[in-house]
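Commentary on secondary and tertiary structure
If you want the building blocks of each chain, they are given just below.
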Amino acid sequence: MLDLQFIRENPDIVRAAMKNKNKEGVVDLDRLLQLADDRKKLAGDIGDINRKRNEAQQARDGEAGKRLKDELKMVEDKYAETEKELVSLMVQIPNIPSADTPIGPGEEDNQVLREWGDKPQFGFTPRAHWDLGRELGLIDNEKASEISGARFTFLKGDLALLQFALVQFAMKVLTSRETLEDIVKGAGLSVDPKPFVPVIPPVMMRPQVMNRMARLEPREERYVFDEDTVLVGSAEHTLGPLHMDEVIAQERLPIRYVGYSTAFRREAGAAGKDTRGILRLHQFDKVEMETFTLPEDSLAEQDFLVAIQEHLMRELKVPYRVVICSTGDQGDADARHIDLECWMPGQDTYRETHSADLMQGYQARRLNTRVKRTDGAVETVHMNDATAYAVGRTLIAIMENYQQADGSIAVPEVLRPYMSDREKLEKVTI
């Protein structure tokens, strides 16, 4: 959530952000500011009553003490009610978009920042991954549908091995200071190339913690059990709270994690959309980056994460473009949202495979994650998250860009050492 003092001092900026993020009228700012004033006054009243109770106790005035005790309870109850309503309004206010975020209601207003790679030229009509995967026996949606329902799949044979090759390659890159130094230099950045700490995080979490991450809503996208447990929709959902309610010493920053986990989404708003293949599933796997930095470093940190994403895809030699998302197409928690979209020749279009979200202090304020400066000052830390590999979507990009005239699929050269040096995906025979 936003800092209350910022809201007080910049109501017009907050209103503009709500309008541009399609949240106009969701929160009555005048009501919010009045509640903040009421809370401040009630806090003062509580302090005054406690002072008078101490005086009554010293004077051994039992009658006054009882009266003040009853009065204190009334004021504390009012304070709790006011606090609850205030917080309920504050968490609905979206983050302020960065200055370079395009203003517009939806994805049609996104802007392409740059493109990389030549689209492959085939001497045949390229096929979509669902056809390639079915004929090679690598993807089995039909049997998965019988067993688990729609939007589930089996990955088989070499495609399963290719998934773990991607994971191993990503982990190798993200844990190598030397490689990260080269990425920093190549992108012309000035950031600490401190390696990432590998993590295999839980895939279940408490709903109240996901809410503190500002990722619980829309709740219809989540798998919730008895209101006590929710399945993560990305590894960052459990990586982000690793430092909740902590004060981090400045010397420890930046802190960077790379997590690998299965993720779950209901895809409630995608009825009839992308039902073929493995693009939009209820269950999928991701390698995700989560970082914590000083406020003045967070924008450069996002650029660093995007540079890592580009390096990972350039090593695969898959054409892509980098897109900055508009105000209407970014999440409520995002100050700046960058997507990387890969060319999918079998579908004759670009598809999103990566995202990079700069939250600044929006999540950390809810998580109560702070940094203690070397001069002793304590303030909210800044957070970023970004995809290293959305594994299923990256598999699609490889399958469609590396397909051969005979229906086989070549293995990207950089992944072959992780697959016993095989050069193509073999057909599954059982």
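Report follows, based on the coordinates. (Residues numbered from 1 in each chain as written. Predicted model: local features only at pLDDT ≥ 70, side-chain atom pairs only at ≥ 80, totals over all residues. Heavy atoms only, no water.)

1. Describing the overall build of the chain
Helix and strand counts for the chain come out as 13 helices and 18 strands. Along the first, second and third principal axes, the C-alpha atoms of the chain reach 95 × 50 × 40 Å. Relative to its 430 residues, the chain shows a buried fraction of 50%. Contacts in the chain between residues at least 24 apart in sequence constitute 72% of all its contacts with a sequence separation of at least 6. Within the structure as shown, the chain displays about 20600 Å² of accessible surface, and the carbon and sulfur contribution to it stands at 47%. Averaging the coordinates of the 58 positive side-chain charges in the chain and doing the same for the 74 negative ones gives two points 3 Å apart. (Helix = DSSP H or I, 4+ residues; strand = E, 2+ residues; numbered from the N terminus. Buried < 20%, exposed > 50% of the residue type's maximum accessible area, 1.4 Å probe, protein only. Contact = heavy atoms within 4.5 Å. Areas by Shrake-Rupley, 256 points an atom, 1.4 Å probe, with all protein chains shown as cover. Lys, Arg positive; Asp, Glu negative; His and termini not counted. Charge placed at Lys NZ, Arg CZ, Asp CG, Glu CD.)

2. Examining unusual backbone geometry
Cis geometry marks the peptide bond from glutamate 217 to proline 218, where omega comes out at 0 degrees. The omega angle of the peptide bond from leucine 253 to proline 254 is 0 degrees, so this bond is cis rather than trans. Take proline 254: it is sitting in the loop between β8 (247–249) and β9 (255–264). Of note in the backbone geometry, aspartate 245 takes a positive phi value of approximately 60 degrees without being a glycine.

3. Observations concerning the pairing of strand β16 (residues 382–390)
The element β16 is extensively covered by neighbouring structure, given that nine of its nine residues are classed as buried. Note: strand β10 (residues 283–293) against β16, eight bridges, orientation antiparallel. Counted as the bridge partner of phenylalanine 292 is methionine 383 from β16. The sheet contact formed by strand β13 (residues 349–360) and β16 spans four bridges and is antiparallel. Along β16, the bridge assignment pairs leucine 358 with asparagine 384. (Pairing = 2+ DSSP bridges.)

4. Regarding the packing of aromatic side chains
Applying the stated criterion across every chain yields a total of five aromatic pairs. Note that lysine 119 overlies the ring of tryptophan 343, its terminal NZ or CZ placed 4.0 Å from the centroid. If you follow arginine 256 out to its NZ or CZ, it ends over the ring of phenylalanine 196, 5.9 Å from the centre. (Phe/Tyr/Trp six-rings, centres within 6.5 Å; stacked < 30°, edge-to-face > 60°. Lys NZ or Arg CZ within 6 Å of the ring centre and 35° of its normal.)

5. Observations regarding the packing of helix α7 (residues 157–174) against helix α13 (residues 391–401)
It is the contact of α7 with α13, at a shortest axis distance of 10 Å, that shows an interaxial angle of 115 degrees. By the angle class used here, α7 and α13 are roughly perpendicular. When the axes of α7 and α13 are compared, the crossing they make is right-handed. Every residue of α13 that contacts α7 at Leu159, Leu162, Gln163, Leu166 and Val167 is listed here: Val391, Thr394, Leu395, Ile398 and Met399. Taken together, the residues of the contact of α7 with α13 break down into eight nonpolar, two polar and no charged. (Axes fitted to C-alpha atoms, helices over the stretch in contact; angles between N-to-C directions. Parallel < 35°, antiparallel > 145°, perpendicular 65-115°, else oblique. Left-handed = near helix turned anticlockwise from the far one by under 90°. Nonpolar A, V, L, I, M, F, W, Y, C, P; charged D, E, K, R; others polar.)

6. Things to note about the sheet that holds strand β7 (residues 229–231)
Backbone-to-backbone hydrogen bonds pair the strands of a sheet. The strands run either parallel or antiparallel. Ordered in space as β5-β7-β6, the three strands form an open sheet in which the pairing is antiparallel. If you trace the sheet from one side to the other, it starts and ends with β5 (204–205) and β6 (224–225), each paired once. Inspection of the sheet shows β6 paired to β7 by two bridges, in the antiparallel sense. Opposite phenylalanine 225, over in β7, you have threonine 229 as the bridge partner.

7. With respect to the nonpolar core
Soluble globular proteins tend to pack their nonpolar side chains together in the buried interior. One finds Leu162, Phe196, Ile308, Leu316 and Leu415 to be the most contacted residues of the largest nonpolar core, which totals 60 residues. Looking at which element gives the most residues to this core, the answer is α7, with 10 residues. Those residues within four positions of leucine 316 in sequence are excluded, and the remaining contacts are Leu166, Tyr389, Thr394, Ile398, Tyr402, Pro412, Val414 and Leu415. In this structure, Ile7, Leu29, Leu33 and Ala214 belong to the second largest nonpolar core, which totals 22 residues. (Core = buried A, V, L, I, M, F, W, Y, C linked by side-chain atoms within 4.5 Å.)

8. Some thoughts on the environment of threonine 369
Residue placement: threonine 369 occurs in the loop between α12 (362–367) and β14 (370–372). Taking the C-alpha atoms as reference, threonine 369 lies 9.7 Å from glycine 240; in sequence the two are 129 residues apart. For threonine 369, the contacting residues outside a window of four places in its chain are His243, Met244, Asp245, Glu246, Ile248, Phe292, Ala364, Thr380 and Val381.

9. Remarks on the packing of α7 against helix α11 (residues 298–316)
Packing of α7 against α11 leaves a shortest axis separation of 11 Å and a crossing angle of 130 degrees. Taken together, the axes of α7 and α11 lie oblique to each other. In this structure, α7 meets α11 at a crossing whose hand is right-handed. In this structure, α7 uses Leu166, Phe169, Ala170, Val173 and Leu174 to contact α11, whose residues at the interface are Ile308, His311, Leu312, Glu315 and Leu316. For the contact of α7 with α11, the class distribution of residues is eight nonpolar, one polar and one charged.

10. Thoughts on the pattern of salt bridges
Counted under the stated rule, the structure contains 34 salt bridges. Linking aspartate 245 and arginine 212 is a salt bridge whose minimum nitrogen-to-oxygen distance equals 3.0 Å. Of the two residues, aspartate 245 sits in the loop between α10 (236–239) and β8 while arginine 212 sits in helix α9 (residues 207–212), which places them 33 residues apart along the sequence. When its relative accessible area of 23% is taken as the criterion, arginine 212 is described as partly exposed. For the salt bridge of arginine 256 with glutamate 301, the shortest nitrogen-to-oxygen distance reads 2.8 Å. Placement of arginine 256 in strand β9 and of glutamate 301 in helix α11 is noted, with a sequence separation of 45 residues between them. (Salt bridge = Lys/Arg side-chain N within 4 Å of Asp/Glu carboxyl O.)

11. Thoughts on the state of the cysteines
Under the criterion given, the structure shown has zero disulfides. The thiol of cysteine 325 is unpaired, and the distance to the nearest cysteine sulfur, on cysteine 342, comes to 14 Å. Residue cysteine 342 is classed as buried on the basis of its relative accessible area of 0%. (Disulfide = S-S within 2.5 Å.)

12. Thoughts on the sheet that holds β8
Within the open sheet, the three strands sit side by side as β8-β14-β15. Their pairing is mixed. In this open sheet, the two edge strands, each paired with only one partner strand, are β8 and β15 (378–380). Taken pair by pair, the neighbouring strands of this sheet meet at an average axis angle of 35 degrees, ignoring direction.

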